[in-house]
Amino acid sequence: MTRSPNSAGMWLARPFTERSTQWFLGILTLAVALVSILHLALPVSNPLHVSAYTVTLLGKYLCYALLAVAVDLVWGFLGILSLGHGAFFAVGGYAMGMYLMRQIGDRGVYGNPTLPDFMVFLNWDQLPWYWHGFDMAWFAFVMVLLAPGLLALVFGFLAFRSRVTGVYLSIITQALTFALMLAFFRNEMGFGGNNGLTDFKDILGFNLRTDATRLGLFIATGVALGLGYIICRAIVGSKLGRVSIACRDAEARTRFLGYRVERVQLFVFVVSAMLAGVAGALYVPQVGIINPSEFSPLFSIEVVVWVALGGRATLYGAVIGAILVNYAKTVFTGVMPDAWLFALGGLFVLVTVLLPKGIAGLIRHRKVDTTPETPAGKEATA
Amino acid sequence: MSIRRLLTQGLIVCCLLLSSVPAHAQSSDDQAQTLLQALADSSYADKAGAINDIAKSGDDRARGWLDAFANGKLSRIEKSGQFVIVLENRGRNWTVADALTGEPIGEVSRRDLDSIRINNSLRRDLDGILAVIDLTVKDPARRLTAARALRGSIDDTMAERIGDLLKDEDDSRVRDALKEAIAIHQVQLGDVSAVSALSGSLNSEARSALTAATRSDDPELAAAAKDALKKIRQKLKWNHAAETLYFGLSLGSVLVLAAIGLAITFGVMGVINMAHGELIMLGAYTTWGMQQLLPGQPGLALILAIPAGFLVSALAGIAIERSVIQFLKGRPLETLLATFGISLILQQLVRTVISPLNRTVITPDWMSGSVMINEALSLTLNRLYVIGFALVVFAGLMLIMRKTRLGLEVRAVTQNRAMARAMGIKATRVDILTFALGSGVAGLAGVALSQITNVGPNLGQNYIIDSFMVVVFGGVGNLWGTLVAGLSLGTINQLLEPWAGAVLAKIVVLVFIILFIQKRPRGLFPQKGRAAEG
Amino acid sequence: MNVKRVIKLGLSALAVSASLTATAADLPPIKVGILHSLSGTMAISESTLKDTMLMLIKKQNAEGGLLGRKIEPVVVDPASNWPLFAEKARELLARDKVDVIFGNWTSVSRKSVLPVVEELNGLLFYPVQYEGEESSENVFYTGAAPNQQAIPAVNYLMNEVGVKRWVLAGTDYVYPRTTNKILEAYLKDHGVADSDIMINYTPFGHSNWQSIVADIKKFGNQGKKTAVVSTINGDANVPFYRELANQGVKASDIPVVAFSVGEQELSGIDTKPLVGHLAAWNYFMSVDNDANYDFIDSWINYTGNDNAVTNDPMEAHYIGFNLWVQAVRKAGTTDVDAVKDAIIGVSVPNLTGGYATMMPNHHITKPVLIGEIQDNGQFSVVWQTPSTVAGDAWSDFLPGSRDLISDWRKPLRCGNYNVVEKTCGGKEKVAAN
């Protein structure tokens, strides 16, 4: 049921024929290339020079954008409002963080070759079992996909099988991330408690504190975002995607037509969780810390707000929303530290009231609307 | 130790003198000045002696000085060396009165005052002494408090004196407490015969004394104490169970209060109101505001804050509904986005306008402390009131929803908006009133929470997620569900806490909710019929 | 601009040491970054520190600035978000090119900022008591290390109050964890049995203390004097103290000594039922000292609030700022490396009548004061160390750090030098130097 009748190649190639995807990939490539050139080619004194600080900042935005795309995939095209996607993001981040921790080796303050500093600090005498393997990059990178995927699989299996829908599903996703946050806060868990994982040195042998590594990470994030976008478009455009849209708009009807709704839901949910995990994994080396606050339910809600602000069920809207809100945050917290929450809160309210389809709605205004309208009754519970 | 004994000995004698015989010997002010000077200038170790001297002086102002000293309000003006009693000690300038004449002096800069310092052990000694004095007052309630306070903190001389007092004591409860006090003292001295007097006692000092006795070198005493403790533990078991249940109910009632407003705005209207927490916060700040308006009457202010808190939050709710939510009809999900923005604005508004710091909300006297059911089980009063308040609010809401025209209309509009409008119900008006009601109830929750937790800009954030959990666990749109869900989640949490610790208990509860929703995808009390598909 | 000219101007201005407004206006200002959360959960503690810094800078400018230049504060809001702390630190250092940063409150925010400050070679003054076990070349710790707060407090309880049983209650994060570990080791060294120590951790913002307080009461009923050593953080304290009062735990029976409760936290509590509970700090607002009264007066004037309170981290900023000012004067420049070298050994008066000296391990000397809570939300000092105590970056009571010392002077220049193995552990760049 989850397999498209088309061949795999067609399935993945389809997005490239779409106008919106072409535009998106074009702009993304251009932006990444431009930033890289401006960073590398121009001298620091040039006003157009893009500093390493800006590159990292943009890299962070792109990570958030990928996370927002993942959320939009399940919310916009599957009708599942996940208020806990931050959990998958953070789990991916922790997988990467554990790898980076192991890479520090004996350069920690206590000079212990195997134990990370925080374990020495708390008198642990050996590495917990779940930390093994993370010294190998390939293992860690597999875990970046596998850990959030598995979490989503188990959670989704339970939830979709018993047909938990609508707001109930939203709230239990929130419970999931909240429970994980509390768990990761516990120092006994062996993930560094509230301090989380920090003070990373290098990734794949490259020093994280050099500008070249930063640029590399930024480009990698751009590529990941592009790939993630293509995968999502491919899923959405495939038969599976049509079924998932059908689930979104009329779940019971789809079920009566003979589709195994829960399998479709599970598949899309797991893919989305993995994308979120990748976003988290790229986020951690760029911001230099992963800590349980990424599990905070408020963060997950904020991600949903980005998507809504950018325009739901468009994917590129999610990217716009994520970048815009976070850019606004960066600017406002520096320019008006005492009042930025007014500006941000006001922005949310105004956009909701004045731009019901988000910013993407503005762009799409002139074009033919390809996304089906969502019936209001459905949304009430979604 | 010996200093303390000496001190108490002396003090009891003269305090009794003070309390029984009206002042006859007014010592000269010079003498008083010298006494206080000695108190002020000696080190903590020597202060005991100075207290002793003051008490022995027979000056009838001594009690006042000692009281002020015990409360850290005895001061000396740096330059003149004049001793004063501080009446008001907030801000830069303090209001003081002369310690010798009692005449008010007015405001003195804090800089110019040297306060005469006291520490815990001196305060404890003084408390004991004041308690002995209180044993002779007329009011039996005060005598009882004094007698109870004496348990575990008496020595030989005091024991003797208490023995004398016991003969004239006619209140049986005071007698029991005094007897127990003496028995504890005797056990402490190693008297086996006294153990039996304590074997049924639930008092913690008695338990403390018995536990200490089990470590005694005297095998007979140790064995007797062990036996007595065993009996006490048996009794304590039930008390602990009752206590845990009470803790659970009280946590549960807090959850119910926080969630019940949401059960209306979210459960009944379908508005995902992320600003619910901030509406609670507004209620709490209203309580603070009322107390600022009525200084010195925290109790009255608290009572007035109940309608005021309801009104403030309800008005805020109406403002939110009119300015934002009404434009989002049929797009309830977007209410999440907009109200999230509103919650950020409200938080920052409080930070900017009032302060980013927590505000002090005073607990009125009738709400502080606890009701003693027995010696081992006391129910904290503030939480008892909150439980009662939660039930009253719940009952009130049920009444409104079931018995009034508004309730009928609300239910009609929720079930079938178009049909309700066709029947002549003004749906818009109902929307406003419902949202105002839900918001107002959030304000009530804030008033109650101000007595339990911080009143600060983050107050709302701490409760919003729990509130959503409770509503969903109970079943959206069902007020009974919210009540049962809140109380049971609270109780489960408190049952688990001694076993698992606070963090794990909370995690377990969350996992429980997740699993429970798998079993019953629409909560404890699912809505039935067509409304369920809404 | 010509650096030498600036220095010369600065020095000559210093010599004249009077009205410098003319020169000050011509030179580019010295930028001071202020990195404190103004929103989110930590705003409650950190926002006053921002105001403290603004007040200190204003005062310094009124006195003619520094090196003949005005000081310009650059305020940003990291919004209690730890990754944002790192980002904002980078913004301050890389974009705004600040000469020094004063900021952070939580350990995690410091850990988040630390790599950035080291990479970009900035200066960070950290004003809050913390768990120790850290020494960075670029960070100056003006708050208390555990040996400047926890150990003296426990000594006081053990020797002066006669406490035999201990409850170590804290919020579950690194500061309480470490402090309790150190205290546990310390207590056991002093013959306290395992069964006489109870350790309890609660999550941030914990508000339901009923069963924990009931447990503490039970633990205290065993016939030995019991005390609670509280490392409970910020917001969780109000409900904790409320519950203590309501369940009738009096300071004379089971005293609570807190390391994170100061005047500011008490200003949000009705303190009448708490009289007699203790706190250990290096500064109390009630300290009877003219410098302190002046500081309080200027704070009250600055905030325009007659009831504004001062607290220990504010004093730490006061000390830190003055140390930095002195070091800049001594070095004649705001250049980070020069200031880093110059500041070691600099002494400035603190607010409790003594002097704070910057030690080679980037910690300062502080007196330790134990205060009892009064009914007006102030503390009355009941005990204090006879002299100041130097902060110890690496605790002597933890097996991992027993042999480590920190000395940032030449030639050692090492934050974690192992005196047994004679090696400088960890960071390569340090080892290479």
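Everything here concerns the structure above.
Residues numbered from 1 in each chain as written. Chains lettered and ligands numbered in written order. Predicted model: local features only at pLDDT ≥ 70, side-chain atom pairs only at ≥ 80, totals over all residues. Heavy atoms only, no water.

Of the regular secondary structure elements, chain A holds 16 helices and four strands. Against the globule reference of 21 Å for 382 residues, chain A gives a C-alpha radius of gyration of 21 Å, in line with a compact fold. Along the first, second and third principal axes, the C-alpha atoms of chain A reach 60 × 50 × 45 Å. Burial status across chain A gives 61% buried among its 382 residues. The long-range share in chain A, meaning contacts at least 24 apart out of those at least 6 apart in sequence, stands at 77%. Accessible area of chain A: about 14,400 Å², with a carbon and sulfur share of 69%. Treating the 27 positive side-chain charges of chain A as one cloud and the 19 negative ones as another, the clouds have centres 12 Å apart. (Helix = DSSP H or I, 4+ residues; strand = E, 2+ residues; numbered from the N terminus. Rg over C-alpha atoms; globule rule 2.2 N^0.38 Å. Buried < 20%, exposed > 50% of the residue type's maximum accessible area, 1.4 Å probe, protein only. Contact = heavy atoms within 4.5 Å. Areas by Shrake-Rupley, 256 points an atom, 1.4 Å probe, with all protein chains shown as cover. Lys, Arg positive; Asp, Glu negative; His and termini not counted. Charge placed at Lys NZ, Arg CZ, Asp CG, Glu CD.)

Here we take up the sheet that holds strand β18 (residues 414-418) of chain C. Residues and elements named next belong to chain C. Here three strands make up an open sheet; going across it, the order is β17-β18-β19 and the pairing antiparallel. The open sheet terminates on both sides in strands that have one partner only, identified here as β17 (404-407) and β19 (423-424). Relative to β19, β18 is paired through two bridges, and the arrangement is antiparallel. Looking at β19, one finds that Tyr417 is bridged to Cys424. (Pairing = 2+ DSSP bridges.)

The next point concerns the pattern of salt bridges. Counting across every chain of the model gives 49 salt bridges over all chains. Where A:Asp249 meets A:Arg248, a salt bridge forms, and the shortest distance between an N and an O atom there is 2.9 Å. Under the relative-accessibility criterion, A:Asp249 is labelled partly exposed at 21%. A relative accessible area of 3% means that A:Arg248 is categorised as buried. Among the ionic pairs, B:Arg111 bridges to C:Asp294, the shortest N-O distance being 2.9 Å. Remark: C:Asp294 occurs in helix α11 (residues 290-303) and B:Arg111 occurs in the loop between β4 (104-109) and β5 (113-115); the pair is interchain, linking two chains. For B:Arg111, a relative accessible area of 23% corresponds to the partly exposed category. C:Asp294 gets classed as partly exposed once you look at its relative accessible area, which sits at 43%. Several salt bridges converge on common partners, so that one network encompasses C:Glu137, C:Asp337, C:Lys340, C:Asp341 and C:Arg413. (Salt bridge = Lys/Arg side-chain N within 4 Å of Asp/Glu carboxyl O.)

What follows covers the interface of chain A and chain C. The interface is formed by 35 residues belonging to chain A together with 43 residues belonging to chain C. Of the roughly 3,500 Å² buried where chain A meets chain C, counting both sides, 56% is carbon and sulfur surface. Our count for the chain A to chain C interface comes out at four salt bridges. Across the pair C:Glu119 and A:Arg214 runs a salt bridge whose closest N-O atoms are separated by 2.7 Å. Linking chain A to chain C there are 13 residue pairs in polar contact (both at pLDDT 80 or more). Secondary-structure elements contributing two or more residues to the side of chain A that touches chain C are α3 (52-78), α11 (261-287), α13 (316-335) and α14 (340-354) of chain A. Taken together, the residues of the side of chain A that touches chain C sort by class into 13 nonpolar, eleven polar and eleven charged. (Buried area = accessible area lost by both parts, 1.4 Å probe. Polar contact = N/O pair within 3.5 Å; in protein donor to acceptor, adjacent residues only side chain to side chain. Nonpolar A, V, L, I, M, F, W, Y, C, P; charged D, E, K, R; others polar.)

So, on to helix α8 (residues 211-237) of chain A. Taking 1.5 Å per residue, 27 residues should reach 39 Å; α8(A) reaches 39 Å between its end C-alpha atoms and fits that length. Of all 27 residues that make up α8(A), 19 are buried, and the element is covered over most of its length. (Expected span 1.5 Å × (residues − 1).)

What follows is about the interface of chain B and chain C. Each partner contributes to the interface: chain B provides 60 residues, whereas chain C provides 61 residues. Three residues, B:Arg92, B:Arg111 and B:Asn120, lead the burial of chain B against chain C; their summed loss comes to 14% of the area buried on that side. Linking chain B to chain C there are six salt bridges. Residues C:Glu372 and B:Arg123 are paired through a salt bridge, measuring 3.1 Å at the closest nitrogen-oxygen approach.

Okay, unusual backbone geometry next. A cis amide bond, omega 0 degrees, links C:Lys410 with the succeeding residue C:Pro411. With respect to the secondary-structure elements, C:Pro411 resides in the loop between β17 and β18. Despite not being glycine, A:Leu204 has its phi angle at roughly 50 degrees, a positive value. By the element assignment, A:Leu204 lies in the loop between β2 (202-203) and β3 (206-207). The phi torsion at C:His362 lies on the positive side, around 70 degrees, for a residue other than glycine. Inspection of the secondary structure puts C:His362 in the loop between β12 (355-357) and β13 (365-366). Residue C:His362 is classed as buried on the basis of its relative accessible area, which comes to 1%.

What follows is about the nonpolar core. Residue and element names in this part refer to chain C. Within the largest apolar cluster, 324 residues are counted, with the highest numbers of intra-cluster contacts made by Trp166 and Trp324. For this core, the domains that each give at least three residues are domain 1 (3-145 + 289-366) and domain 2 (147-287 + 369-390). Phe219, Ala236, Ile373 and Phe379 belong to the second largest nonpolar core, which has 31 residues in total. (Core = buried A, V, L, I, M, F, W, Y, C linked by side-chain atoms within 4.5 Å. Domains from an automatic or database assignment.)

Another aspect to go through is helix α2 (residues 29-41) of chain B. Residue and element names in this part refer to chain B. Spanning 13 residues, α2 covers 18 Å between terminal C-alpha atoms, matching the ideal 18 Å at 1.5 Å per step. Taken together, the buried positions of α2 are occupied by Ala32, Leu35, Leu36, Leu39 and Ala40. Mapping the buried residues of α2 onto a view down its axis gives an arc of 135 degrees, with all of them on the same face. Of the exposed residues in α2, those oriented more than 90 degrees away from the buried face are Asp30 and Asp41. (Arc of directions from axis to C-beta.)

Before going further, it helps to examine the sheet that holds strand β10 (residues 278-281) of chain C. Residue and element names in this part refer to chain C. Strand order in the open sheet formed by seven strands is β7-β6-β8-β9-β10-β14-β15, and the pairing between neighbours is mixed. Of all the strands in the sheet, the pair left with one neighbour each is β7 (197-202) and β15 (379-384). Direction aside, neighbouring strands of the sheet carry axes that sit 25 degrees apart on average. Relative to β10, strand β9 (residues 256-258) runs parallel, the two sharing two bridges. Within the sheet, the bridge partner assigned to Ala258 lies in β10 and is Ala279. In the packing of helix α6 (residues 150-161) onto the sheet, contacts are made with β6 (165-171), β8 (226-231), β9, β10, β14 (369-373) and β15, and the angle to β15 comes to roughly 80 degrees. (Axes fitted to C-alpha atoms, helices over the stretch in contact; angles between N-to-C directions.)

What follows concerns the packing of helix α12 (residues 276-293) of chain B against helix α19 (residues 459-474) of chain B. Packed helices, taken two at a time, are described by the angle between their axes plus the distance between the axes. Residue and element names in this part refer to chain B. With their axes 7 Å apart at the nearest point, α12 and α19 run at an angle of 135 degrees to one another. In terms of their interaxial angle, α12 and α19 are classed as oblique. In the packing of α12 onto α19, the handedness of the crossing is right-handed. Where α12 abuts α19, its residues His276, Gly277, Glu278, Ile280, Met281 and Ala284 lie against Leu459, Gly460, Gln461, Tyr463, Ile464 and Ser467. Of the residues assigned to the contact of α12 with α19, the class counts are six nonpolar, five polar and one charged. (Parallel < 35°, antiparallel > 145°, perpendicular 65-115°, else oblique. Left-handed = near helix turned anticlockwise from the far one by under 90°.)

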